[in-house]
Amino acid sequence: DLPKAHREIEVAPRHDDGRGTASQKKHPSRRGRSAQISISGVEVTLRRPAWAHTEEEELSINAVCVWEATPPTGEPPVSWVLFTTEPIETKEQLLSIVDYYRYRWVIEEFFKALKTGCSIEKRQLESYDALSVALGIFIPVAWRLLLARSLSRAIPNAPAAIIATKTQLELLRHKLKLKEPPATAEAVTFAIARLGGHLKRNGPPGWLTLGRGFEELLSMEAGWRAAMSAARSDQS
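All values derive from a computational prediction rather than experimental measurement.

Reading the values: the criteria
- Residues numbered from 1 in each chain as written.
- Predicted model: local features only at pLDDT ≥ 70, side-chain atom pairs only at ≥ 80, totals over all residues.
- Heavy atoms only, no water.
- Axes fitted to C-alpha atoms, helices over the stretch in contact; angles between N-to-C directions.
- Helix = DSSP H or I, 4+ residues; strand = E, 2+ residues; numbered from the N terminus.
- Parallel < 35°, antiparallel > 145°, perpendicular 65-115°, else oblique.
- Left-handed = near helix turned anticlockwise from the far one by under 90°.
- Contact = heavy atoms within 4.5 Å.
- Nonpolar A, V, L, I, M, F, W, Y, C, P; charged D, E, K, R; others polar.
- Core = buried A, V, L, I, M, F, W, Y, C linked by side-chain atoms within 4.5 Å.
- Buried < 20%, exposed > 50% of the residue type's maximum accessible area, 1.4 Å probe, protein only.
- Phe/Tyr/Trp six-rings, centres within 6.5 Å; stacked < 30°, edge-to-face > 60°.
- Lys NZ or Arg CZ within 6 Å of the ring centre and 35° of its normal.
- Pairing = 2+ DSSP bridges.
- 1 Å grid on protein atoms, 1.4 Å probe; cavity = no way out; pocket = protein on both sides within 12 Å on 5 of 7 lines; lining within 4 Å.
- Points joined across faces, edges and corners; volume = space filled by probe spheres on them.

A word on the packing of helix α4 (residues 128-154) against helix α6 (residues 185-195)
Packing of α4 against α6 leaves a shortest axis separation of 8 Å and a crossing angle of 130°. By the angle between their axes, α4 is oblique relative to α6. Crossing of α4 over α6 shows left-handed handedness. Along the contact surface, α4 presents A148, R149, L151 and S152, while α6 presents A185, E186 and T189. Here the contact of α4 with α6 is built from residues that sort into three nonpolar, two polar and two charged.

Right, dumping it as structure tokens:
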């Protein structure tokens, strides 16, 4: 089918380190680059498999094809087939579906921050009310963990104030015996992870040490606010 839309996207680098042979074969390593992709969509009908437990004989669904017509020499081309129930009649709808798919890693990283960084599963909450309260507390924390790690990698020189409050930055300076508060996104992210036991020589911090560090920082901040409140009460 002829392309119905085009878009330039950023392709992240992919390395073989730590990946199994099957993964390397299915998704070869590549350099990070910009890619010009073509997009098309068509409605397809899927027939019911013999083993499926459903009365429906067939299912109509939309397939969106994404391909890179002229990849750089030696580089694997971008090639996706996306199945969706979203409409695909217009160029804007096709582009939206592609963008939804491109957001998937950020979404997955958010749930890793919630699951591993905030240890939401280890809370072993059984009731809906308890889980709702916990999520209300930890979702903002997971978002801030994701913000910290994302900025430290994508925009390492961004201001630290985007990630931490002035009080938190001063607490990090005091606790870690720094000459001055962390000034950049990268510096404050490593400082928070250091509270959680991360060693900088081990590379970028993972969710576990970053989550532990941020929990420690929040506890320090709560203690500081309690002390300040008590001091004001004594003076009144």
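Still to come is the rest of the account.
Some words on the environment of L135
Following the sequence through the fold, L135 ends up in helix α4. When near neighbours in sequence (up to four residues on either side) are disregarded, L135 contacts L114, I120 and P140.

Focus: the nonpolar core
Judged by nonpolar contacts, the single largest core of 33 residues is most densely connected at L145, I163, L172, V188, I192 and L217. Put simply, the parts of the chain that give this core at least two residues each are α3 (104-117), α4, α5 (166-175), α6 and α7 (207-235). With nine residues, the single largest contributor to this core is α4. Ignoring any residue separated from it by four or fewer positions in sequence, one finds L217 in contact with Q168, L171, L172, I192 and L195. Listed in part, the 16 residues of the second largest apolar core include I9, V64, V78 and W80.

A word on the packing of aromatic side chains
Taken as a whole and assessed by the stated rule, the structure comprises two aromatic pairs. When the ring of W80 is compared with that of Y101, the centres are 4.9 Å apart and the planes differ by 65°; the resulting orientation is edge-to-face. Taken together, the residues span a long stretch of sequence, with W80 in strand β4 (residues 79-84) and Y101 in helix α2 (residues 91-102) at a distance of 21 residues. Between the aromatic rings of F110 and F111, the centroid separation amounts to 5.5 Å while the plane-to-plane angle is 75°, which identifies the pairing as edge-to-face. Sitting over the ring of W207, R149 keeps its end group 4.0 Å from the ring centre.

Looking at the sheet that holds strand β3 (residues 58-67)
What the four strands build is an open sheet, ordered β1-β2-β3-β4; its pairing is antiparallel. Bordering the open sheet on either side are β1 (5-11) and β4, each of which pairs with just one other strand. For this sheet, the mean inter-axis angle between neighbouring strands, taken without regard to orientation, is 35°. Here β3 runs beside β4; their pairing, made up of six bridges, is antiparallel. Considered in β4, the bridge of V66 is made with W80. With respect to the sheet, α2 is in contact with β1, β2 (33-47), β3 and β4, its orientation differing from that of β1 by roughly 15°.

A short note on the environment of E43
Tracing the chain through its elements places E43 in strand β2. Considered as a pair, E43 and R123 are 80 residues apart in the sequence and their alpha carbons are 44 Å apart. Leaving out residues up to four positions away in the same chain, E43 has contacts with S60, I61, N62 and I88.

A word on the layout of surface pockets
The space that makes up the largest pocket amounts to roughly 910 Å³. Lining the largest pocket are 20 residues; nearest its centre among them are A12, R14, R30, R104 and W105. For the lining of the largest pocket, the secondary-structure elements that each account for two or more residues are β1, β4, α2 and α3. Of the residues contributing to the lining of the largest pocket, the split by class is twelve nonpolar, two polar and six charged.

Comments concerning unusual backbone geometry
Glycine aside, a negative phi is what most residues show, and trans is what most peptide bonds show. Located in the positive-phi region is S119, a residue other than glycine, with phi close to 50°. Residue placement: S119 occurs in the loop between α3 and α4. S119 sits in the buried class, given a relative accessible area of 17%. For Q124, which is not glycine, the phi torsion reads 55° and is therefore positive. Position of Q124 among the secondary structure elements: in the loop between α3 and α4.

Brief notes about the pairing of β3
In terms of strand pairing, β2 meets β3 through ten bridges, oriented antiparallel. For E43, the partnering residue across the bridge sits in β3 and is N62.

Any link to function would need more than the numbers given here.
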